[in-house]
Amino acid sequence: MNTTPSLWTASGPDTASHLSSGLMNSTAVAGPDMTMARQLHYIMSAIVGPILCILGFIGNLFSVAVWCRPSMKSSTARYLTGQALADILVLLMFLVCDSAQAWSPHIIYSLSYGIFFSYIGYPMLFFAVVLSVWITVGLTVDRYIMVCWITSSKKYCNEKRAYLGLALITINSFIINLPHFASFVHVTPEDTPTNSSTEPQQTFRMTEFGGGAGGQFYEFWIHCIILILIPWVSVLTMNIMIIRKIGQSNKKTADRKSRDSVKKCRQSENQITRLLLTVTFAFLVFIGLQCIIQCFEMQKPEWADRAQVSSAFAFAKTGIVFNSSLNFVFYCLSGRRFRKEFLRLFRLVKKDTHSSSNEDRSRSSTKRSTSSTGI
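Each value, and the rule that gives it
- Residues numbered from 1 in each chain as written.
- Predicted model: local features only at pLDDT ≥ 70, side-chain atom pairs only at ≥ 80, totals over all residues.
- Heavy atoms only, no water.
- UniProt positions renumbered as here; feature names shortened; annotations may be inferred.
- Axes fitted to C-alpha atoms, helices over the stretch in contact; angles between N-to-C directions.
- Helix = DSSP H or I, 4+ residues; strand = E, 2+ residues; numbered from the N terminus.
- Left-handed = near helix turned anticlockwise from the far one by under 90°.
- Contact = heavy atoms within 4.5 Å.
- Nonpolar A, V, L, I, M, F, W, Y, C, P; charged D, E, K, R; others polar.
- Core = buried A, V, L, I, M, F, W, Y, C linked by side-chain atoms within 4.5 Å.
- Buried < 20%, exposed > 50% of the residue type's maximum accessible area, 1.4 Å probe, protein only.
- Phe/Tyr/Trp six-rings, centres within 6.5 Å; stacked < 30°, edge-to-face > 60°.
- Parallel < 35°, antiparallel > 145°, perpendicular 65-115°, else oblique.
- Polar contact = N/O pair within 3.5 Å; in protein donor to acceptor, adjacent residues only side chain to side chain.
- Salt bridge = Lys/Arg side-chain N within 4 Å of Asp/Glu carboxyl O.

Under an unreviewed UniProt entry, the name given to the protein is FMRFamide receptor, and the organism recorded is Biomphalaria pfeifferi. Under the heading Subcellular location (unreviewed entry), UniProt records this for the protein: "Membrane".

Written out as C-alpha cells, the structure is:
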C-alpha cells in the first residue's frame, strides 16, 4: 500500500507545516510515530472517502429529484435542494483535490493539475464547504421562523425568499472565500531553480500570503472561527429553541383536543424532533470534530502529540465527506413524506384519491409544522 502523503503538502519547511482550513494533511513530523498517521490518511483519502463520495453523489441526486417535485414545494425544500447541490460540489472537489493525490501521487508533478489545483480545485473546495455550512444555517433559520415566529412565517418563509436567501448565501460565501484563490500558485519548470537534483518538482506551491501571517490569520479567525464555529453554535441554539417551542405548543393545546388529535399531534412532534436531531446532530458532530482538530493542527500546541493529532485529523477531514453524503439517508429515516415521494418518483407507490384527500386535510391542519421541516 502506498502511504505517500496525499493531501496538499507543499514544498519547503514553512509551507509543509502550514495546514489549510479544513483538509490539509499533517506530515511535518517525520519518524516511525507518523507511519500510522500516514496510513490512516491514505485509507481515508483513497478508500473510505471515494466510497462515501460515490454514494453521496447518488443520494444527493435523488434528494434533488425529490425536493424538486411539485408536491414538495416549500421554502424548506428549496434550501434542501441548494444544500444537496452544494454537497455534490464538496464531494467532487474532495475527489479531485484529495483522493486523486492518494491514488496517483505523481499527479502533483503535472503542470495542468498544478494550475487546476491552485486556481480552481483548492479554492472551490472551501467555497463548497462554506456554502454547504451556511445553507444549513439558512435552513435552520427558515424552520425557526416557521415554528417560533408563526405570524411572520407567511411573509418570510416562501419560495421567493428562499431563492433570495440562497443567492445571498452563495454570493457571500464566494466573496469571503476569495483569499483561498490567492493561497496557491502554479510553478513551471522555468520557475524552478536549477540544481543537481533530477527529482521532479511539484507544480504548485503556497504563496507568501498563504504561508504567511496573513494566511494564518484568515484560516484560523475568519474561516475556522467565523465561518465554521459561529454557524455551528447558531444551528445548535436555534434547533434547541425549535424543539422547546414545539413541546410547549403541543402541551398547551393537548387539553383542548380529542385523544386522536393528541396522538396525531405527538406523532407530528416526534417526527419533527427526529429530523432535527438526526440532520443537525450529524452536522454538529462532523463539522464540530473537523473544526476542533483543525484548530489543533493550526495552533500546534507543544503539549499535543503530533502523531495523534495527525491521526485524528485523518478521520476529521473525512467528516466533511460524511456530512455531505449522509443527508439522503437521514431524510429517508426521519421523513415519512420524503420516503413516500421518493417511492412515487419510481412509481413504487400509487397515489389514490382517498389517501390524497386525507393527506391534504392533514397537511392543511399542520401546515406550519410540515412546511418548516419539508417532510
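Caption draft 1: Representation of the packing of helix H4 (residues 111–148) against helix H6 (residues 159–176) in the model. Where H4 contacts H6, the axes come no closer than 9 Å and their chain directions differ by 145 degrees. Helix-helix and strand crossings are classified by hand; for H4 and H6 the assignment is right-handed. Side by side, H4 and H6 meet where Phe127, Val130, Leu131, Trp134, Ile135 and Gly138 of the first sit next to Leu166, Ile169, Thr170, Ser173, Phe174 and Ile176 of the second. For the contact of H4 with H6, the class distribution of residues is nine nonpolar, three polar and no charged.

Caption draft 2: The arrangement of the UniProt feature "transmembrane region" (unreviewed entry) in the protein in detail. The positions UniProt marks with the feature "transmembrane region" (unreviewed entry) are residues 42–67, 79–96, 116–141, 162–182, 220–242, 272–293 and 313–334. Taken end to end, residues 42–67 has its terminal C-alpha atoms 35 Å apart, with 100% of it in helix and 0% in strand.

Caption draft 3: Here's a closer look at the nonpolar core. Grouped together as the largest cluster of nonpolar side chains are 48 residues, with contacts concentrated most on Trp67 and Phe338. Of all the secondary-structure elements, those providing two or more residues to this core are helix H2 (35–67), helix H3 (75–103), H4, H6, helix H8 (213–253), helix H9 (259–299), helix H11 (327–334) and helix H12 (336–345). If one sorts the elements of this core by residue count, H4 sits on top with 13 residues. Within the second largest apolar cluster, nine residues are counted, among which are Ile108, Tyr122, Phe126 and Met206.

Caption draft 4: Structural view of the packing of aromatic side chains. Evaluated as defined, the whole model comprises 22 aromatic pairs. For the ring pair Trp67 and Phe338, a centre distance of 5.0 Å and an interplane angle of 45 degrees mean the geometry is tilted. One end of the pair, Trp67, is in helix H2; the other, Phe338, is in helix H12, with 271 residues separating them in the sequence. When the ring of Tyr122 is compared with that of Phe126, the centres are 5.0 Å apart and the planes differ by 70 degrees; the resulting orientation is edge-to-face. Placement of the pair is Tyr122 and Phe126 together in helix H4, with a separation of four residues, close to one helical turn. One exposure class covers both Tyr122 and Phe126, and it is buried.

Caption draft 5: Structural view of the packing of H2 against H12. For the pair H2 and H12, the least separation of the axes is 9 Å and the interaxial angle reads 95 degrees. With respect to each other, H2 and H12 are oriented roughly perpendicular. The residues of H12 that touch H2, namely those facing Phe62, Ser63, Ala65, Val66 and Trp67, are Phe338, Glu341, Phe342 and Leu345. Per-class residue counts for the contact of H2 with H12 are seven nonpolar, one polar and one charged.

Caption draft 6: Here's a closer look at the environment of Gln294. Here Gln294 lies in helix H9. We classify Gln294 as buried; its relative accessible area is 1%. Considering only alpha carbons, one finds Gln294 and Ser310, 16 residues apart in sequence, at a separation of 9.7 Å.

Caption draft 7: Local environment of the side chain of Thr203. Along the polypeptide, Thr203 turns up in the loop between strand E1 (184–186) and strand E2 (204–206). Within polar-contact distance, the side chain of Thr203 engages the backbone oxygen of Ile108 at 2.9 Å. The contact partners of Thr203, leaving out residues within four places of it in the chain, are Ile108, Tyr109, Ser110, Leu111, Gly114, Val185, His186 and Val187.

Caption draft 8: Region of interest: the pattern of salt bridges. Enumeration over the complete set of coordinates arrives at four salt bridges. A salt bridge links Glu341 to Arg69; the nearest nitrogen and oxygen atoms lie 2.8 Å apart. With a gap of 272 residues between them, Glu341 in helix H12 and Arg69 in the loop between H2 and H3 connect regions that are remote in the sequence. Exposure remark for Glu341: the relative accessible area of 1% places this residue in the buried category. Between Lys317 and Asp98 there is a salt bridge, and its shortest N-O distance comes to 3.6 Å. With Lys317 in helix H10 (residues 306–325) and Asp98 in helix H3, the pair connects residues that are 219 residues apart, well separated along the chain. Accessibility assignment for this pair places Lys317 and Asp98 in one class, buried. Taken together, the shared-partner salt bridges connect Arg69, Glu341 and Arg344 into one network.

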